[in-house]
Amino acid sequence: MLTYVIRRLLTAIPTLIFISLVLFLLLEAAPGDPLADMPLTIPPEVREKIRLAMGLGEPWYVRYVLWLNNFFVTEPLHWIDAAWGTDWADGRQRILSYQTRSPVFDTIGERLPQTLTVVGTGMLIGISLAIPIGVISAYKQYSWFDQLGTFVSMIGFSVPTFVTGVVLIVIFSVWIPNDSPFWLPTIYDTTLKVTDWASFKAQARQMVLPSMVLALFYAAQISRYMRSSMLDNLGQDYVRTARAKGMAEKTVVLVHVLRNSLIPVVTVITLLIPGVFTGAIITETIFKVNGVGQQLLLSLQGNDAPMVLTITFIFAVLIVSFNLIADILYGLLDPRIRYD
């Protein structure tokens, strides 16, 4: 296993460098100018000085190498300085946003808690619903519960999140009166601080709609995997043997079958985790959640290449990392799997 992990880590380095190069070249070739929103009354010579100050006067390959150095060297040194009080990063230029001229990682750090709270809650609710739904649907195959679960899962999987979000807004925020206890806010208040029971209830209420949208999306995917894996294991020889020995049906299903069925589902959940850190762009935009996904969309609209490149590359790093973690978990959970 150790040899396999080392080999995968060594393979990930050129993979990530290639991904970063492709992302950089795509943004370089994309139309748009980061100075397009500036007033037209600015003289051309001043505009050129601003362009040079932003580093746009250098060739693309120079800017790419500088960005790599900032991402892998300068930013980690800043984190070390902040944690240990050292001064290793003094004088080093950080990755700056074209729009705000502030460090990109500072902006991501400010928005990450909102993303983790909303998207993470939606994913936890989705997993909590998907596993029992998948187990019961498989055990009672073709029953009314299985048919209903399949129908809801197909809706959650096929209907886009922006449609689901709008439908929930119409139901819980438009049709239901404001004075009703079932009325829910449509705009997420990022400035809300939980200090007492009233603020806790306000926080919970504003998280309901975006979390419901994401929970339906995640539950629709995971429940189908859970059902399929359970059906595969329910027909195995070890299940018939356990039943023939007189083992209780509850023990057979919830201990032996469920444990083996969770192996592929755990890997699927692991591969979905990177989306929690990068946010759900559409959902965050609909409900005005001030998260990483909304920041990515705003940066795309504003031609903020450093912000877009950094967020998308972090997403790529997370995908590569969690793919490795999923393979390791699969080998640990299933003793039949050997990588060496």
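Note that the coordinates shown come from a computational prediction; the quantities given were computed from them, not determined experimentally. (Residues numbered from 1 in each chain as written. Predicted model: local features only at pLDDT ≥ 70, side-chain atom pairs only at ≥ 80, totals over all residues. Heavy atoms only, no water.)

## Re the packing of aromatic side chains
Applicable threshold: When the centres of two rings from Phe, Tyr and Trp lie within 6.5 Å, Trp using its six-membered ring, the rings pair. Their planes under 30 degrees apart give stacked, over 60 give edge-to-face, and anything left gives tilted. The rule is simple: take the accessible area with a 1.4 Å probe, protein chains only, and divide by the maximum for that residue type; under 20% is buried, over 50% is exposed, in between is partly exposed.
Inspection of the entire model under this criterion finds twelve aromatic pairs. The interplanar angle of 70° and the centroid separation of 5.0 Å between the aromatic rings of F71 and F72 together place this pair among those described as edge-to-face. Ring centres of F217 and Y218 lie 5.7 Å apart, and the angle between their planes is 65°; on these two criteria the pair is classed as edge-to-face. Under the relative-accessibility criterion, F217 is labelled partly exposed at 29%.

## Regarding helix α12 (residues 292–301)
For clarity, the cut-off: Where helices and strands are cited, they refer to DSSP runs of H or I of at least four residues and of E of at least two residues respectively, numbered from the N terminus. Working rule for contacts: check all heavy atoms of both residues, and any pair within 4.5 Å makes them a contact.
Every buried residue of α12 is accounted for by V292, G293, Q294, Q295, L296 and S299. On its buried side, α12 packs onto α4 (104–139), α10 (274–278), α11 (281–286) and α13 (305–333).

## Things to note about the pattern of salt bridges
Note the following rule: Note on definitions: salt bridges are taken to be side-chain nitrogens of Lys or Arg within 4 Å of carboxyl oxygens of Asp or Glu.
Taken as a whole and judged by the stated rule, the model has seven salt bridges. A salt bridge links R8 to D327, with the shortest nitrogen-to-oxygen separation between them at 2.4 Å. Residue R8 is located in helix α1 (residues 2–29), and its partner D327 is located in helix α13; the two are separated by 319 residues in the primary sequence. With relative accessibility at 24%, the residue R8 sits in the partly exposed group. A salt bridge links E28 to R63; its shortest N-O distance comes to 2.8 Å. Within this pair, whereas E28 is found in helix α1, its partner R63 is found in helix α3 (residues 60–84), the two being separated by 35 residues in sequence. The exposure class of E28 is partly exposed, given its relative accessible area of 38%.

## Topic: the packing of helix α9 (residues 249–272) against α13
So the rule is basically this: For every element, the axis is a line fit to its C-alpha atoms; helices are fit only across the contacting stretch, and the angle between N-to-C directions ranges from 0 to 180 degrees. Just so you know how the angles are binned, under 35 degrees is roughly parallel, over 145 roughly antiparallel, 65 to 115 roughly perpendicular, and the rest oblique. Crossing handedness is read from the near helix: turned anticlockwise from the far helix by less than a right angle, it gives a left-handed crossing, and turned clockwise, a right-handed one.
Orientation of α9 relative to α13, taken along the N-to-C sense of each, is 165°, at an axis distance of 9 Å. The angle between the axes of α9 and α13 places the two elements in the roughly antiparallel class. In the crossing of α9 with α13, the sense of the turn from one axis to the other is right-handed. Contacts between α9 and α13 involve I263, P264, V266, T267, T270 and L271 from the former and F322, N323, I325, A326, L329, Y330 and L333 from the latter.

## Structural notes on the side chain of S97
Topologically, S97 is positioned in the loop between α3 and α4. Excluding anything up to four places from it in sequence, S97 contacts S102, V104, D304 and M307.

## Some details on the nonpolar core
Quick reminder of the rule: Buried residues of nine kinds, namely Ala, Val, Leu, Ile, Met, Phe, Trp, Tyr and Cys, make up a nonpolar core once their side-chain atoms join them within 4.5 Å.
With 35 residues, the main nonpolar core has M123, I222 and M230 as its most contacted residues. Broken down by secondary-structure element, the contributors of at least two residues to this core are α4, α6 (161–175), α7 (197–234), α8 (237–244) and α9. Looking at which element gives the most residues to this core, the answer is α7, with ten residues. Excluding residues within four positions of it along the chain, I222 makes contact with I127, A130, V265, I269 and L272. By size, the runner-up hydrophobic cluster in this structure holds 19 residues, among which are W67, L68, L309 and V320.

## Description of the environment of F145
Looking at where F145 falls in the secondary structure, it is placed in helix α5 (residues 144–158). As a C-alpha pair, F145 and A202 span 57 residues in sequence and 34 Å in three-dimensional space. Residues contacting F145, with those up to four places away along its chain left out, are I133, I136 and S137.

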